[in-house]
Each structure stands twice: as C-alpha cells, then as structure tokens.
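Close look at the chain arrangement
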Amino acid sequence: MDEKIIDGKLVSGLITEEIKNELSFLSITPGLALILVGSNPASEIYVKMKEKKCKELGYYSVIDIQPASIPENELLALISKYNNDVRIHGILIQLPLPKHINEKNILEAVDYKKDVDGFHPVNSGRLMAGEKCYIPCTPAGIHELLLRYKVETSGKNTVVIGRSNIVGKPIANIMLQKAKGANSTVTICHSATKNIADHTKRADIIIAAIGKPGFLKGDMIKVGAVIIDVGINRIEDPSSKKGYRISGDVDFDECYPKASLITPVPGGVGPMTIAMLMRNTLDAALGRIYS
Ligand SMILES: NC(=O)c1ccc[n+]([C@@H]2O[C@H](COP(=O)([O-])OP(=O)(O)OC[C@H]3O[C@@H](n4cnc5c(N)ncnc54)[C@H](OP(=O)(O)O)[C@@H]3O)[C@@H](O)[C@H]2O)c1
C-alpha cells in the first residue's frame, strides 16, 4: 500500500458496504430516476454505471432515455411525473443537455427534495449558507476523501482551481464552512487568474478541477501539499486498446514526490461521485435532509 495515495476506489467500496449494511436493517427501497437526453456516448456510460450501482445496492432505478429533439416542455412534464412518483426519491438529469434546452429551467424543475445531484438553487443556496442540503456528488466525494484520510483542513490554505457550478464553486463553499474537514482559507482560481502558481505554491491543499490534462506541475506546489485531482481528460493514445487513456488535471509524476497525499486518475475522485449519489439517494429515501 502506497501511503501517499488517496484511494477513492477503496473509500467508495467502503461507502457501498456501509449503505448495504444500513439497508439490511431497513425495509425501504430507495428509488432513483436517471434521465438521459440524446446519445452522448460519455453520458450513456455514466448513466449505465449509476444504474449498475443501483442494482448492486437493491435500489429501484429507472433509466429514462429521451431523444435529443425532445421539446423543453415535454422534458419538464417528464420531471413533474417523477417529482410526483412516490417510488422515486432522487432525480438525476444527466448533463450536458442539448443546446435548445435551457439547463437552468430543467434543473429548477426538479423537486429540491429529490435533487440528489444538489444542482437546484435551493440546495446550492443552502450549501452556501452552511445549512443542511444535498451536496453535489463530486464535491461531496472530495470532502469525504479529506475526512477519511484525516487531512488537517482547519486554518489551512486551500486553493481550488476551477469555478464551475458542478465542482469548483461547491467544493470551495464546502471548504469555507466552519465545519469538520473544512474551515479553510479558500482561494478560487480560474482562467482569468494571473500567476496561478503564486497561489498554488502557498497552498496546503490544492483541488484541481479545470479539464486541462497535466495542468498542475511539480514546480507549482510546495512540499507536503495535499493534491486532489478532479480532472477526467481523454488523451489519444494509439498504444492503448481503446485508442485513448484518461489523464487528470495534475502532472502526477511531477507532483507525487512533493505531495504528502495525492489522488490518482483514475481511481481517486472519480469512483467517489457515484458512491455519494447513492448516499444522497439513501438520505432522500430516509428523509434525512428534508422530511
Ligand atoms: N471525477 C468526477 O467524477 C468528475 C466530475 C465532474 C467533472 N470532472 C472533471 O473535472 C474537470 C473539470 O470539470 P468542470 O465540470 O468543473 O469543468 P468546466 O465546467 O469546464 O470548468 C472548468 C473551470 O476551469 C477553469 N479553467 C479552464 N482553464 C483554465 C486555466 N488554464 N487556468 C485556470 N482555470 C482554468 C474555467 O475557468 P472559467 O470559469 O474562467 O472559464 C472553469 O472555471 C473536467 O476534467 C471534468 O471531466 C470529474
């Protein structure tokens, strides 16, 4: 076992076992609706992986695949149907949506009590205010890794690179809260930030979520930093069977020697996302967030 590696596969497996154990004492069946619009190959893979996990855990799951041409009002009606379906506790709209559909209208149509992806403004607002809410699954997974690996975060400098609504902003909000595994001094960098290395060199914890392979180099970090790599980038690789390989946003070979802890790609943050979706869905079924 490499003690520098934060093993997301291992932790996601533990979470799966914890959910199975909890369910064995309960007589409920958590239900998740997965709505996929169009035929984006990556989205199809993600939805299938989520459904597979539901099956493994004994959840009731529905994959609802709609054509890319679906009018927005029909998609809204479909969401309303699942909002009113008592077997369904969580609703997930696989992003991205086709261009003619207004993503904001769709995400806001999901009942916030079933918003297990945490993208409804009620949940993002409550996250910002430090109140109980559904936290988006990837940031929730990052936080869980920091907690389980007992990373000291209070009073530390955390630099988040990337400010998307899916990863950057929510993880920055989490790290800012006066709470366990958080209470950091948070800096958010983005494409307009000047001299990112000036920020990252001072960071105790760096969370890279930008979608640029190998962006964070060894000379941009200090010795002992904790490095969380959220990036999932496909790099063409004729030597691989699939014709591509997956690379993170961190230059792992350069950062590993200086880091105290580091997530690999694959096998770091990636596996945590589905585990946290399953946990959010269980929480929804049990009325733990909103009763
Ligand atoms: N592990 C998982 O389960 C998981 C889940 C979600 C995403 N991801 C991966 O995480 C990465 C980020 O995803 P995302 O959805 O957050 O991406 P996104 O929506 O494209 O956002 C990227 C962010 O990075 C910033 N950025 C881009 N280039 C930059 C540069 N050269 N310097 C500084 N900042 C830069 C952008 O700045 P501006 O705002 O200024 O444009 C933006 O805020 C992707 O590789 C994605 O595949 C992984």
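Please read these numbers as outputs of a predicted model, since none were measured by experiment.

One finds Val160, Ile206, Ile207, Ala208 and Ile227 to be the most contacted residues of the largest nonpolar core, which totals 76 residues. For this core, the leading source of residues is helix 10 (residues 270–285), giving 9 residues. Counting contributing residues per domain, this core is built from domain 1 (28–111) and domain 2 (137–272), each supplying no fewer than three. Contacts of isoleucine 206, omitting those with residues within four sequence positions, involve Val159, Thr200, Leu216, Ile221, Ala225, Ile227 and Ile228.

Turning our attention to the pairing of strand 1 (residues 31–37). Successive residues of a regular strand alternate their side chains across the two faces of the sheet. The element strand 1 is largely enclosed, with a buried count of 6 among its 7 residues. Here 7 bridges tie strand 1 to strand 2 (residues 60–66), and the two strands are oriented parallel to one another. By the bridge assignment, leucine 36 is partnered in strand 2 with isoleucine 65. In this fold, the crossover linking strand 1 to strand 2 by way of helix 2 (residues 41–57) has right-handed handedness. As paired strands, strand 1 and strand 3 (residues 90–93) are joined by 4 bridges and run parallel to one another. Bridge pairing in strand 3 places isoleucine 35 opposite isoleucine 93.

We now examine the environment of arginine 87. Here arginine 87 shows up in the loop between helix 3 (72–83) and strand 3. In sequence terms arginine 87 and asparagine 157 are 70 residues apart; their C-alpha atoms lie 44 Å from each other.

All right, on to the sheet that holds strand 7 (residues 226–229) then. Across the sheet, which stays open at both edges, the 5 strands sit in the order 5-4-6-7-10 with parallel pairing between neighbours. Two strands close off the open sheet at either side, each with one partner strand: strand 5 (185–189) and strand 10 (261–262). Sheet topology note: the strand 6 (residues 205–208)/strand 7 ladder contains 4 bridges and is parallel. Its bridge partner being in strand 7, isoleucine 205 is matched across the sheet by valine 226. Relative to the sheet, helix 7 (residues 168–176) contacts strand 4 (157–161), strand 5 and strand 6, its axis offset from that of strand 5 by approximately 165°.

The next subject is the site of the ligand. The environment of the ligand is made up of 25 residues, and the closest members are Gly162, Ser164, Ser191, Ile210 and Gly211. Each residue belonging to the shell around the ligand can be placed in one class, and the counts come to 11 nonpolar, 12 polar and 2 charged.

Quick look at the sheet that holds strand 1 now. Taken together, the 3 strands give an open sheet; going across it, the order is 2-1-3, and neighbouring strands pair in parallel fashion. The sheet terminates laterally at strand 2 and strand 3, the two strands that pair on one side only. Neighbour to neighbour, the strand axes of the sheet diverge by 15° on average, direction disregarded.

Conventions adopted
- Residues numbered from 1 in each chain as written.
- Predicted model: local features only at pLDDT ≥ 70, side-chain atom pairs only at ≥ 80, totals over all residues.
- Core = buried A, V, L, I, M, F, W, Y, C linked by C-beta atoms within 7 Å.
- Buried ≥ 20, exposed ≤ 12 C-beta atoms within 10 Å, placed from the backbone.
- Helix = DSSP H or I, 4+ residues; strand = E, 2+ residues; numbered from the N terminus.
- Domains from an automatic or database assignment.
- Contact = placed C-beta atoms within 7 Å.
- Pairing = 2+ DSSP bridges.
- Right-handed = clockwise from strand over helix to strand, strands pointing away.
- Axes fitted to C-alpha atoms, helices over the stretch in contact; angles between N-to-C directions.
- Near = placed C-beta within 6 Å.
- Nonpolar A, V, L, I, M, F, W, Y, C, P; charged D, E, K, R; others polar.

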